[in-house]
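Examining the three-dimensional arrangement
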Protein chains: 2
Amino acid sequence: MSNNKKMNEAVTSRDADFAQWYTDLCLKAELMDYSDVKGFIIYRPYGYAIWENIQSHLDRNLKETNHQNVYMPLVIPESLFQKEKDHVAGFAPETAMITTTGVEDLAERLIVRPTSETLFCTHYNKIINSYRDLPKLYNQWCSVVRWEKTTRPFLRGKEFLWQEGHTAHATEVEARKETLDILQIYKDLGKDLLAIPFVTGKKTEKEKFAGAIDTYSIEALMHDGQALQSGTTHYFGQNFAKAFDITFQDEKNQQQFVHQTSWGVSTRLIGAVIMVHGDDEGLVLPPYVAPTQVVIIPIQSKKEEVKAASSHLFTELKKAGYRVQLDDTDKSAGWKFSEYEMKGVPVRIEIGPRDLERNEVTLVTRHDRTKHVMKVEDVLKEMPIILRNMHDTMYDRALKHVEANTYQAKNYDEFKAYIIKGGYVAMSISGEEAEIQIKKDTSATARVIPFDQTPITDICPVTHKKATQTVWFARAY
Amino acid sequence: MSNNKKMNEAVTSRDADFAQWYTDLCLKAELMDYSDVKGFIIYRPYGYAIWENIQSHLDRNLKETNHQNVYMPLVIPESLFQKEKDHVAGFAPETAMITTTGVEDLAERLIVRPTSETLFCTHYNKIINSYRDLPKLYNQWCSVVRWEKTTRPFLRGKEFLWQEGHTAHATEVEARKETLDILQIYKDLGKDLLAIPFVTGKKTEKEKFAGAIDTYSIEALMHDGQALQSGTTHYFGQNFAKAFDITFQDEKNQQQFVHQTSWGVSTRLIGAVIMVHGDDEGLVLPPYVAPTQVVIIPIQSKKEEVKAASSHLFTELKKAGYRVQLDDTDKSAGWKFSEYEMKGVPVRIEIGPRDLERNEVTLVTRHDRTKHVMKVEDVLKEMPIILRNMHDTMYDRALKHVEANTYQAKNYDEFKAYIIKGGYVAMSISGEEAEIQIKKDTSATARVIPFDQTPITDICPVTHKKATQTVWFARAY
């Protein structure tokens, strides 16, 4: 359709080497760059703008459901971090510690927050006294640091950006409802903004968060058949409340411990968008999250009528609220086509003198690389329909990919064969013993215990004991 | 006007002890709380919402002027930080250093960013090659850490939230224009959002930023007559470009160093809002930055007609885009009046059965504590006018405070007398020698060299040498 040679040279084919394709795209589409410290990346304007669109969508949803933003300190005293024993065991090996100002050593080591449960709990201990103070529905946007050994842009970093919600409730019922309500908000974020059909469910005991009673997760299936945990919500029960003594006087004047939750999504979602939708020509960005939704490329841009028409359309689209860019630089049209395909801009509008004679422009949609010739005056009217269709098509395509790559295994050989093909494999297992064996044999991990618990077999194909739960497995990032 | 006793007990009088009044308000209005680590504060929902409103206003202005947001790493390798010699000398004593993961010591100490010039410069070195790559107009929203000894909420912390802009340009003219354009954007932020008349000008050599050629600043005058530096913009010339080797090929194929700027405002602006506008009853928030613009308080809230009218007005105001709150809790009306006065909510609407018989409500404006009785159906129509008048009145009041407390000193005795009264004192001085003497004698510091350089005297009253510049002095936070 267009000359993509120039850009394609830089990007590995998706099916030849998915990992290399991913890294190439992150760099070449100018989403990020590496810094001098391994695992700490630079979010470049195009990558950060995707995150800003995610933030603004989710932040609105959280505020509409009465959540409030706060900001807690960057650092946690080592002694405070150690108060909840499961939590510290889960995080201790991967914490960065501030020990000195260079001039003077600190009296106590300060941990750079890997997550902020301990800070929220300390604050809640101070500000919660009565049932009238509940619920507390707090959220914060920040960066966190975890000393990961193996790092990949957006997927796993020593530092990443995220939101972390921390809530306190009077009852278990209310806190459990919050845990699932947020899971739904995350799932909707996939459906409405990212065009990603998240699979949801509960984590197994082995995979749950350090300190949680129950962890739920949204999982996305990448093009290569590997899963990506894309967000989690946790029900803590009273574990942290007891460790941090967070109590309130209920309506009967009884002292009670609060019930708590926490939940978060991160810049890992950018990785999910790349790996779910991208193709051999580059990124394919869902229209509602794309930093630039429409790029206008004048052909023979020095001709007055081309210049005037391009600039008029640009102004009209901008006024209508679209994120639109006009590229009238002196680079060749072919170069521009490749560049914006690489960057996954949803709609390209080519405006040339011949088309203009017929009062027409050529519009190319990135997700299916299809040309649409249309009257200039129809562009504005058609644009919402084009973007809506594109979003829906991308969502459906991703959903079909999930459906086509989800299997049920009645025996272990079947399971292994499916896992090698890639995708989710559901199997009814006896419990953690089976999970450990499966990971050892196939490197697949339990992704979720789905809400639909229809058994596949009565006996666990791995341990030959009684099956107690149906679990979706996959190899995962 | 209303029973404020309950809340007032908690807050020191503003004129009795301004510092204590300030701290009381920060805590009692629930803007912030202290954490377990000295100098690191918790931004509570009400305080953080003020910051979000500042962010959203300024971010829009920056994007409209073609600035792009990015996110740089939290950490800077010690060796990188030391590349620009003036810069490191300015910051070295106050840096927090990550040295270990608790399990393993790091090969190189990592400085938690006190500011990110060195990171932006390293990135610019990589991505700037040609004049076509310029200008780069980057900004980031983040928190920074400086190991300050004396800390006060919002004014000076070991950690604070800010934006830092870092730009690279082809020419000195363009970079100097950027430095002043941003200064104007900051000044407008004061005029349009914070109702603060910032005084602007250049910093003296002694007071300028570590590594800058010129620093400009916005200064605000607090109620107690002390000044607060509220934001700065820096022209770096080619100092950093040379240290970090940031060059580009110009249109004549010559290698040139870029010209750079940086600039920032921080959560210190929250401190400015408190200390410029607050009074003995508590905060007085300018209407456009206030998290809650209108609070509706039903009197005898169990009566059906009161309940219906309150909820109707709430819905109407919310639909019209106001940040409105309805307090129908069972606390007493008097308690509520004090509470929302303390929190500085611009407009309080009291809806009681007697007023309603006449189809009226009572509206109280916080900045002048004046009652306005008006027809229910007029509230929505009057609201934009009320908020606009309130904003303008608050701005004018603050401007009059600046004008009434700005003096010109023709001799050193006059200067000392004015400084004791509080406010800005302009004096024509010989240079740094005079500045040092003045600080020693009066603890006043040079705030700005104003753009208007009309001399007051030809001879410096301090050194008796030839006066070279007119400088505004004040005691400052």
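Residues numbered from 1 in each chain as written. Chains lettered and ligands numbered in written order. Predicted model: local features only at pLDDT ≥ 70, side-chain atom pairs only at ≥ 80, totals over all residues.

The subject of this paragraph is the overall build of chain A. Across its full length, chain A carries 15 helices and 23 strands. Radius of gyration (C-alpha) of chain A: 25 Å, near the 23 Å computed for a compact globule of 477 residues. Pairs at least 24 apart in sequence give 68% of the contacts found in chain A among residues at least 6 apart. (Helix = DSSP H or I, 4+ residues; strand = E, 2+ residues; numbered from the N terminus. Rg over C-alpha atoms; globule rule 2.2 N^0.38 Å. Contact = placed C-beta atoms within 7 Å.)

What follows covers the interface of chain B and chain A. Facing the 44 residues of chain B at the interface are 44 residues of chain A. Tallied by class, the residues present in the side of chain B that touches chain A amount to 26 nonpolar, 11 polar and seven charged. For strand β5 (residues 97-100) of chain A and strand β5 (residues 97-100) of chain B, the ladder comprises three bridges, and the chain directions are antiparallel. The residue of β5 of chain B that forms the bridge with T100 of chain A is M97 of chain B. (Nonpolar A, V, L, I, M, F, W, Y, C, P; charged D, E, K, R; others polar. Pairing = 2+ DSSP bridges.)

Residues and elements named next belong to chain A. Counting buried residues along helix α11 (residues 333-342), seven of its 10 residues qualify, which places the element largely inside the surrounding structure. Listed as buried for α11 are K336, F337, S338, E339, Y340, E341 and M342. In the stretch just after α11, G344 is the one whose phi turns positive, near 70°. (Buried ≥ 20, exposed ≤ 12 C-beta atoms within 10 Å, placed from the backbone.)

Attention now goes to the sheet that holds strand β20 (residues 406-408) of chain B. All names here are of chain B. In spatial order, the strands read β20-β21-β23-β22; together these four strands make up an open sheet with mixed pairing. Where the open sheet ends on each side, the last strands, each with one partner, are β20 and β22 (445-448). Each adjacent strand pair in this sheet contributes to an overall mean axis angle of 40°, direction not counted. As judged from the five bridges shared by strand β21 (residues 424-429) and strand β23 (residues 469-474), these two strands associate in the antiparallel manner. Within β23, the residue paired with M427 across the bridge is V471. Of the strands in this sheet, β20, β21 and β23 touch helix α14 (residues 412-421), which is tilted by about 155° from β21. (Axes fitted to C-alpha atoms, helices over the stretch in contact; angles between N-to-C directions.)

To continue, consider the domain arrangement of chain A. Residues and elements named next belong to chain A. The domains assigned to chain A are domain 1 (5-277), domain 2 (294-391) and domain 3 (406-474). Centre-to-centre separation of domain 1 and domain 3, based on C-alpha positions: 27 Å. Facing the 16 residues of domain 1 at the interface are 16 residues of domain 3. Going through the elements one at a time, β9 (199-202) and β10 (214-221) are the ones with two or more residues in the side of domain 1 that touches domain 3. At four residues, β9 tops the list of elements feeding residues into the side of domain 1 that touches domain 3. Looking at the side of domain 1 that touches domain 3 residue by residue, the class counts come to three nonpolar, six polar and seven charged. (Domains from an automatic or database assignment.)

The next subject is the sheet that holds strand β16 (residues 324-326) of chain B. Residue and element names in this part refer to chain B. Taken in spatial order, the five strands line up as β16-β15-β17-β18-β19 in an open sheet, and their pairing is mixed. A strand with exactly one partner marks an edge of an open sheet, and here the two such strands are β16 and β19 (370-375). Adjacent strand axes in the sheet meet at a mean angle of 25° when their direction is disregarded. In terms of strand pairing, strand β17 (residues 347-351) meets strand β18 (residues 360-365) through four bridges, oriented antiparallel. Bridging from a neighbouring strand, E350 pairs with T362 of β18. With respect to the sheet, helix α10 (residues 304-319) is in contact with β15 (294-298), β16 and β17, its orientation differing from that of β15 by roughly 170°.

This paragraph deals with the environment of Q260 of chain B. Residue and element names in this part refer to chain B. By the element assignment, Q260 lies in strand β14 (residues 259-266). Overall, Q260 belongs to the buried group, with 31 C-beta atoms counted inside 10 Å. The spatial distance from the C-alpha of Q260 to the C-alpha of L137 is 9.9 Å, given a sequence separation of 123 residues.

With that out of the way, let us pick up the relation of the copies chain B and chain A. Each copy of the sequence occupies a distinct position, and chain B is placed on chain A by a rotation of 180° and an axial shift of 0.0 Å, giving an RMSD of 0.0 Å. What the superposition gives is, in effect, a two-fold axis relating one chain to the other. Distance from the rotation axis, computed per C-alpha, reaches its smallest value in chain B at I98 of chain B: 2.1 Å. Comparing interface residues between copies, 100% of those in chain B also sit at the interface in chain A, which points to an isologous, same-surface contact. (Least-squares fit on C-alpha atoms with pLDDT ≥ 70 in both.)

Describing two packed helices takes the angle between their axes plus the distance from one axis to the other. All names here are of chain A. Running from amino to carboxyl end, helix α3 (residues 45-64) crosses helix α9 (residues 268-277) at an angle of 105°, the nearest separation of the two axes being 10 Å. What the angle tells us is that α3 and α9 run roughly perpendicular. Judged by residue contacts, G47, I50, W51 and I54 of α3 engage L269, I270 and V273 from α9. Here the residues of the contact of α3 with α9 are counted per class, giving six nonpolar, one polar and no charged. (Parallel < 35°, antiparallel > 145°, perpendicular 65-115°, else oblique.)

What follows concerns helix α13 (residues 379-404) of chain B. Residues and elements named next belong to chain B. Its 26 residues place the ends of α13 36 Å apart at the C-alpha level, agreeing with the 38 Å of an ideal helix rising 1.5 Å per residue. V379, M383, L387, M390, H391, M394, Y395 and A398 are the residues of α13 that are buried. Elements in contact with the buried residues of α13: α7 (172-194), α9 (268-277), α10, β17, β18 and β19. (Expected span 1.5 Å × (residues − 1).)

Turning our attention to the packing of α3 of chain A against helix α7 (residues 172-194) of chain A. All names here are of chain A. α7 packs onto α3 with a crossing angle of 135° between their chain directions and a minimal axis gap of 11 Å. With respect to their mutual orientation, α3 and α7 come out oblique. Here α3 runs over α7; the crossing is right-handed. From α3, I54, H57, L58 and N61 reach across to α7, where they touch I185, L189 and L193. For the contact of α3 with α7, a count of residues per class yields five nonpolar, two polar and no charged. (Left-handed = near helix turned anticlockwise from the far one by under 90°.)

Residue and element names in this part refer to chain A. Burial of strand β7 (residues 136-145) is extensive: seven of the 10 residues sit out of reach of the surface. The sheet contact formed by strand β3 (residues 68-69) and β7 spans two bridges and is parallel. By the bridge assignment, N69 is partnered in β7 with N139.

Turning to the pairing of β15 of chain B, a few remarks are in order. Regular strands have side chains that alternate between both faces of the sheet. All names here are of chain B. Across the five residues of β15, five count as buried, placing the element largely inside the fold. The alternating pattern of β15 places V294, I296 and P298 and V295 and I297 on opposite faces, both of which are buried. Tracing the backbone out of β15, into α10 and back to the parallel element β16 gives a crossover that is right-handed. Bridge analysis of β15 against β17 gives five bridges, and the strand direction is parallel. Bridging from a neighbouring strand, P298 pairs with I351 of β17. (Right-handed = clockwise from strand over helix to strand, strands pointing away.)

Our focus in this paragraph is the environment of K421 of chain A. Residues and elements named next belong to chain A. Mapped onto the fold, K421 is located in helix α14 (residues 412-421). A count of 10 C-beta atoms within 10 Å places K421 in the exposed class. Linking K421 and Y477, residues 56 residues apart in sequence, is a C-alpha distance of 16 Å.

That bond from L134 of chain A to P135 of chain A is cis: its omega, -5°, falls within 30 degrees of zero. Its place among the elements puts P135 of chain A in the loop between α6 (117-127) and β7. In this structure, D245 of chain A is a non-glycine residue whose phi angle is positive, near 55°. Locating D245 of chain A in the fold gives a position in the loop between α8 (239-244) and β12 (247-249). The phi dihedral of R369 of chain B falls on the positive side, at around 50°, and the residue is not glycine. By the element assignment, R369 of chain B lies in the loop between β18 and β19.

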